[in-house]
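Residues per chain, in single letters:
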Amino acid sequence: MKKATIATCLATVLCTTSVKADTLLGLYIGGQVWLSQADGSFGEGDTEQATVKLKNKNQGSYFVALEHPIPLIPNIKLVSTTLDTLGDANFNGSFEFDNVVYDGNTNLATTFDASYIDYTFYYEVFDNDLLTFDFGLTVRNLDSQINIVGDVTANGVTTPTNSQLSVSGILPLFYVKTIIGLPFTGFNVFAEGNFVSYDSNSVHDYQVGVSYSVLDNLAIDFDVTLGYRSVQLDLNDIDDLYSNLTFDGVFAGAIIHF
């Protein structure tokens, strides 16, 4: 009897706290500033790779999501993320990039400019003040460019030479998100991620952190967030690019819910 009573009370709390999400449209707008550290390797082949050390730099990420009570039709979330930084690449022996052969043991001034838009379609299994759990699929539209400058020797003359490789492609990913509320505190713990592994390609993009409810009423909710984010791009022949690059670091952000 005691177990049945506890279960009944818990079910009542879950149902009561999910009324708003089940019966109304919800619009979420948010963003974060992310101090990322970046390193890894890249090249136009899986064996000829240049090791790159990129500078720490603030990155931006912004999103808008629309949730609705219509059964079977997924909710939608659009996320825009930039990964722009620069640094130096090193390699042993000669290195060929964009049909340019660079001298051996030369530092390459490297600029990495990337951006992607995620189109996420997801379902809510739970959505209340105690527990949120979403799952779905993400279509990532990746657009990036790598520029390098290094020494090239021809006919005994060494000159700095620039080359670049533009990369674009569509990546399908699995999506999952969970939020655990800490009752009577205003704090939540959350984790969110996109990930996939296929044909020697492996991509993950996850974040974990805490949020605090600054404003919570029937008209608008406003939360601030703080956490850690990691993005790995282990790509195998995406527009001739082979890479194993990792961007990670702390972030701070804000979310508005209408």
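What you see is a predicted model, and the numbers here were worked out from it, not measured in a lab.

Student: Help me understand the pairing of strand β8 (residues 157-182), please; the structure alone is not making it clear to me.
Tutor: Each regular strand carries side chains that alternate between the two faces of the sheet. Relative to β8, strand β7 (residues 131-154) is paired through 24 bridges, and the arrangement is antiparallel. In the strand pairing of β8, N147 is matched with Q164. Examined bridge by bridge, β8 and strand β9 (residues 187-198) share nine bridges and lie antiparallel to one another. For K177, the partnering residue across the bridge sits in β9 and is E192. A loop of four residues connects β8 with β9, the two strands running antiparallel in sequence, and F184 in this loop sits at a positive phi of about 65°.

Student: Teacher, can you tell me more about the packing of aromatic side chains here?
Tutor: Scanning the model with the defined rule gives 11 aromatic pairs in all. Taken together, a centroid distance of 6.3 Å and an interplanar angle of 85° make the contact between F42 and F95 edge-to-face. Residue F42 is located in strand β1 (residues 26-43), and its partner F95 is located in strand β4 (residues 95-97); the two are separated by 53 residues in the primary sequence. Judged by relative accessible area, which is 2%, F42 ranks as buried. Between the aromatic rings of F187 and Y212, the centroid separation amounts to 4.8 Å while the plane-to-plane angle is 50°, which identifies the pairing as tilted. Taken as a pair, F187 in strand β9 and Y212 in strand β10 (residues 201-216) lie far apart in primary sequence, 25 residues in all. The side chain of R140 reaches across the aromatic face of Y116, ending 3.9 Å from its centre.

Student: What is the right way to look at the confidence of the model for the chain in this model?
Tutor: If pLDDT is low for a region, its predicted coordinates should not be looked at in detail. On average, residues of the chain score 87 in pLDDT, and 91% of them are at 70 or above. Of the regions scoring below 50 in pLDDT, residues 1-22 engages in 14 contacts with residues more than four places distant in sequence or in other chains.

Student: I tried to follow the pattern of salt bridges on my own but got confused; where do I start?
Tutor: Any two side chains of opposite charge can pair if their charged atoms end up close together. Taken as a whole and assessed by the stated rule, the structure comprises four salt bridges. In this structure, the salt-bridge partner of E192 is K77, at a minimum N-O distance of 2.5 Å. Here K77 lies in strand β3 (residues 75-90) and E192 lies in strand β9, a separation of 115 residues in the sequence. The exposure classification of E192 matches that of K77, with both residues buried. Notably, a salt bridge pairs R140 with D205, separated by 2.9 Å at the nearest N-O pair.

Student: Could you clarify how one ought to interpret the sheet that holds strand β6 (residues 108-127) in this entry?
Tutor: Either a parallel or an antiparallel arrangement is found when strands of a sheet pair, and the pairing is made through backbone hydrogen bonds. Ordered by their spatial adjacency, 10 strands build a closed barrel running β1-β2-β3-β6-β7-β8-β9-β10-β11-β12, and the pairing between neighbours is antiparallel. The mean angle between the axes of side-by-side strands here comes to 20°, regardless of whether they run parallel or antiparallel. Strand direction decides the pairing type here: strand β2 (residues 50-67) and β3, joined by 10 bridges, are antiparallel. Directly across from L66, in β3, lies its bridge partner I76.

Parameters at a glance
- Residues numbered from 1 in each chain as written.
- Predicted model: local features only at pLDDT ≥ 70, side-chain atom pairs only at ≥ 80, totals over all residues.
- Heavy atoms only, no water.
- Pairing = 2+ DSSP bridges.
- Helix = DSSP H or I, 4+ residues; strand = E, 2+ residues; numbered from the N terminus.
- Phe/Tyr/Trp six-rings, centres within 6.5 Å; stacked < 30°, edge-to-face > 60°.
- Buried < 20%, exposed > 50% of the residue type's maximum accessible area, 1.4 Å probe, protein only.
- Lys NZ or Arg CZ within 6 Å of the ring centre and 35° of its normal.
- pLDDT = per-residue confidence, 0-100.
- Contact = heavy atoms within 4.5 Å.
- Salt bridge = Lys/Arg side-chain N within 4 Å of Asp/Glu carboxyl O.
- Axes fitted to C-alpha atoms, helices over the stretch in contact; angles between N-to-C directions.

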